[in-house]
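Working through the structure, step by step
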Amino acid sequence: MSGGEVAGILVAVFWAILVSFLAVVLVRLAQTLRAATKLVADVTEQAVPLLADASATVRSAQTQLERVDAIATDVQEVTSNASALSTTVASTFGGPLVKVAAFGYGVRRALGRDKDAPAGQPSRRTVIAGRTVPSARRRKRKG
């Protein structure tokens, strides 16, 4: 065998190894591409229903927010109506109720003065021609 034949055989063996290596790489690449394609198909298959569910959830949340907004508007209207009503009631009945309470207090106080005196003793006031004249000294109040 000559040197040229050995070199030819080595080149042929090198090319055979290289082609085998490239074939293995291409087979692995094809397997990887098939797996990636399957994965993308599975993700797409699962993502479409999830996106539909998410869209329905967002629509439902929007509806609920609109309801809450309507309720808040109604509560605000009721609050302003209650405020106006309380202002009206206070202005209509407030003055007369204060006068009635003051009158009642005055009547109670007037009726309660004679009760403070010990039993059997006359009041220390003298009535002259429809007027009450206070005593010379005031009694000391307890308390």
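Residues numbered from 1 in each chain as written. Predicted model: local features only at pLDDT ≥ 70, side-chain atom pairs only at ≥ 80, totals over all residues. Heavy atoms only, no water.

A separate point is the overall build of the protein chain. Of the regular secondary structure elements, the protein chain holds one helix and two strands. Along the chain direction, N to C, the helices and strands of the protein chain fall in the order α-β-β. In the protein chain, which comprises 143 residues, the share counted as buried stands at 0%. (Helix = DSSP H or I, 4+ residues; strand = E, 2+ residues; numbered from the N terminus. Buried < 20%, exposed > 50% of the residue type's maximum accessible area, 1.4 Å probe, protein only.)

What follows is about the UniProt feature "transmembrane region" (unreviewed entry) in the protein chain. As annotated in UniProt, the feature "transmembrane region" (unreviewed entry) corresponds to residues 6-29 in the numbering used here. Secondary structure across residues 6-29 divides into 100% helix and 0% strand, with the first and last C-alpha atoms of the span separated by 34 Å. (UniProt positions renumbered as here; feature names shortened; annotations may be inferred.)

Inspection of every chain in the model, using the stated rule, returns one salt bridge. A salt bridge links Asp42 to Lys38; the nearest nitrogen and oxygen atoms lie 3.4 Å apart. Of this pair, Asp42 and Lys38 both sit in helix H1 (residues 3-116), separated by four residues, roughly a single helical turn. (Salt bridge = Lys/Arg side-chain N within 4 Å of Asp/Glu carboxyl O.)

Turning our eyes to something else, we now look at a nonpolar patch on the surface. Judged by side-chain polarity, Met1, Val6, Ile9, Leu10, Val13 and Ile17 come together as a nonpolar surface patch covering roughly 620 Å² of accessible area. Examined against the element boundaries, Val13 turns out to sit in helix H1. Judged by relative accessible area, Val13 falls into the partly exposed class, the value being 41%. (Patch = residues over 30% accessible without salt bridge, like charges linked within 9 Å, V, L, I, M, F, W, Y side chains within 5 Å. Areas by Shrake-Rupley, 256 points an atom, 1.4 Å probe, with all protein chains shown as cover.)

Next up on the list: the packing of aromatic side chains. Counting across every chain of the model gives one aromatic pair. Ring geometry for Phe14 and Trp15: centres 6.0 Å apart, planes at 70°, overall edge-to-face. (Phe/Tyr/Trp six-rings, centres within 6.5 Å; stacked < 30°, edge-to-face > 60°.)

All right, on to the confidence of the model for the protein chain then. Looking at the protein chain as a whole, its pLDDT mean stands at 82, while 78% of the residues score no less than 70. Highest mean pLDDT in the protein chain belongs to H1 (89); lowest belongs to strand E1 (residues 126-128) (54). (pLDDT = per-residue confidence, 0-100.)

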